[in-house]
Amino acid sequence: MKHFLNIFLLLAIYAASPVKAQDSDNVPNNKAVVYFVRAKSMGSLVNFTYFDGERAIGKFNGRKYLRYECDPGEHLFWARSENRSFVEANLAGGKTYMIEALPRMGGLKAAVKLVPVDIESHNMKKITKLFSKKDMVQFTEEEIAELQKEMTEVIVRGMERYQQGKEEGEEMAKLMPNMTIDISTIRTSPK
């Protein structure tokens, strides 16, 4: 009975914790975490789809955020709306990073611009507010598989667009290993 009470007490403490289990920022040393954040409300009805190279990782509209765990090293993150926006990343193991998806005026719908977040110079006010008020979006394996299938042609065109930009000398945004984020400070910052 005493053992049961101890387990019950631990579960009650865990459930009362202000940090939700799905928002935990415990990053294994052999992984890196990237948060894709959309903190501005402009074009909130338009979905942005997020990719890691040729892999679809999520799709959402409005003010939300996504936590993506991946292997450390080189990555090409990109988003698609009316346009495509690319970030070349070099991630360190055991670290957390953030990319903000900024909606822009497009011809027919909102366009997207991905901006790697450097905590030293980035305006974090709206991001902090977002983390305090919203839960992150999550996807099942089945939803990601369906999105991957749905985006097959988009991925091919996106990778072609990236290669064309590189060949033309287009400057790509960079997410460097030292641009780490401490999510716990964002959650506890004054609003």
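Our subject is the structure listed above.
Keep in mind it's a predicted model, so treat the numbers as computed, not measured. (Residues numbered from 1 in each chain as written. Predicted model: local features only at pLDDT ≥ 70, side-chain atom pairs only at ≥ 80, totals over all residues. Heavy atoms only, no water.)

1. As for the side chain of His75
Phase 1 of the analysis: Turning to its location among the elements, His75 is positioned in strand β5 (residues 73-80).
Phase 2 of the analysis: Accessibility expressed as a relative area gives 14% for His75, which makes it buried.
Phase 3 of the analysis: Once you skip the residues sitting within four places of it in the chain, His75 turns out to touch Asp52, Cys70, Val87, Glu88, Ala89 and Leu91. (Helix = DSSP H or I, 4+ residues; strand = E, 2+ residues; numbered from the N terminus. Buried < 20%, exposed > 50% of the residue type's maximum accessible area, 1.4 Å probe, protein only. Contact = heavy atoms within 4.5 Å.)

2. Observations regarding the environment of Val27
Phase 1 of the analysis: By the secondary structure assignment, Val27 is in the loop between α1 (2-16) and β1 (32-38).
Phase 2 of the analysis: C-alpha of Val27 to C-alpha of Lys95: the two residues are 68 residues apart in sequence and 6.5 Å apart in space.
Phase 3 of the analysis: Among all residues touching Val27, those that are not within four sequence positions of it are Ala32, Val33, Arg67, Gly94, Lys95 and Thr96.

3. Observations regarding the nonpolar core
Phase 1 of the analysis: One finds Phe36, Tyr50, Phe77, Leu91, Ile99, Leu114 and Leu175 to be the most contacted residues of the largest nonpolar core, which totals 25 residues.
Phase 2 of the analysis: Those elements that provide at least two residues to this core are β1, β2 (48-52), β3 (55-60), β4 (64-70), β5, β6 (84-91), β7 (96-104) and β8 (111-116).
Phase 3 of the analysis: If you look at the next biggest cluster of nonpolar residues, it comprises 16 residues, including Ala39, Met136, Ile181 and Ile186. (Core = buried A, V, L, I, M, F, W, Y, C linked by side-chain atoms within 4.5 Å.)

4. Thoughts on the sheet that holds strand β9 (residues 173-175)
Phase 1 of the analysis: Ordered in space as β3-β2-β5-β6-β9, the 5 strands form an open sheet in which the pairing is mixed. Two strands bound the open sheet, and with one partner strand each, they are β3 and β9. Shown here is a sheet whose adjacent strand axes are inclined to one another by a mean of 25 degrees, direction ignored.
Phase 2 of the analysis: Bridge count between β2 and β5: 4 bridges; the pairing is antiparallel. When the sheet's bridge partners are listed, Asp52 is paired in β5 with Phe77.
Phase 3 of the analysis: Of the strands in this sheet, β2 and β3 touch helix α3 (residues 141-150), which is tilted by about 105 degrees from β3.
Phase 4 of the analysis: Where helix α4 (residues 152-167) meets the sheet, it contacts β2, β3, β5 and β6, and its direction lies at approximately 75 degrees from that of β6. (Pairing = 2+ DSSP bridges. Axes fitted to C-alpha atoms, helices over the stretch in contact; angles between N-to-C directions.)

5. Describing a positive patch on the surface
Phase 1 of the analysis: On the surface, Lys40, Arg104, Lys113, Lys125, Lys126, Lys129 and Lys133 cluster together into a patch of positive charge.
Phase 2 of the analysis: Examining the composition of the positive patch, we find that 4 residues originate from one element, helix α2 (residues 125-133), more than from any other.
Phase 3 of the analysis: By the element assignment, Lys113 lies in strand β8.
Phase 4 of the analysis: Relative accessible area serves as the criterion here: at 41%, Lys113 is assigned to the partly exposed category. (Patch = residues over 30% accessible without salt bridge, like charges linked within 9 Å, V, L, I, M, F, W, Y side chains within 5 Å. Areas by Shrake-Rupley, 256 points an atom, 1.4 Å probe, with all protein chains shown as cover. Salt bridge = Lys/Arg side-chain N within 4 Å of Asp/Glu carboxyl O. Lys, Arg positive; Asp, Glu negative; His and termini not counted. Charge placed at Lys NZ, Arg CZ, Asp CG, Glu CD.)

6. Some remarks on the packing of aromatic side chains
Centre distance and the angle of the planes are the two values used to describe a pair of aromatic rings.
Phase 1 of the analysis: Summed over the entire model, instances satisfying the criterion amount to 10 aromatic pairs.
Phase 2 of the analysis: Taken together, a centroid distance of 5.0 Å and an interplanar angle of 25 degrees make the contact between Tyr50 and Phe60 stacked. Placement of Tyr50 in strand β2 and of Phe60 in strand β3 is noted, with a sequence separation of 10 residues between them. For the pair shown, Tyr50 and Phe60 are each scored as buried.
Phase 3 of the analysis: Three or more aromatic residues joined by ring pairs make a cluster, and in this case those are Phe36, Tyr50, Phe60, Tyr68 and Phe77.
Phase 4 of the analysis: Stacked on the ring of Phe48, the Lys or Arg Arg38 has its end atom at 3.7 Å from the ring centre. (Phe/Tyr/Trp six-rings, centres within 6.5 Å; stacked < 30°, edge-to-face > 60°. Lys NZ or Arg CZ within 6 Å of the ring centre and 35° of its normal.)

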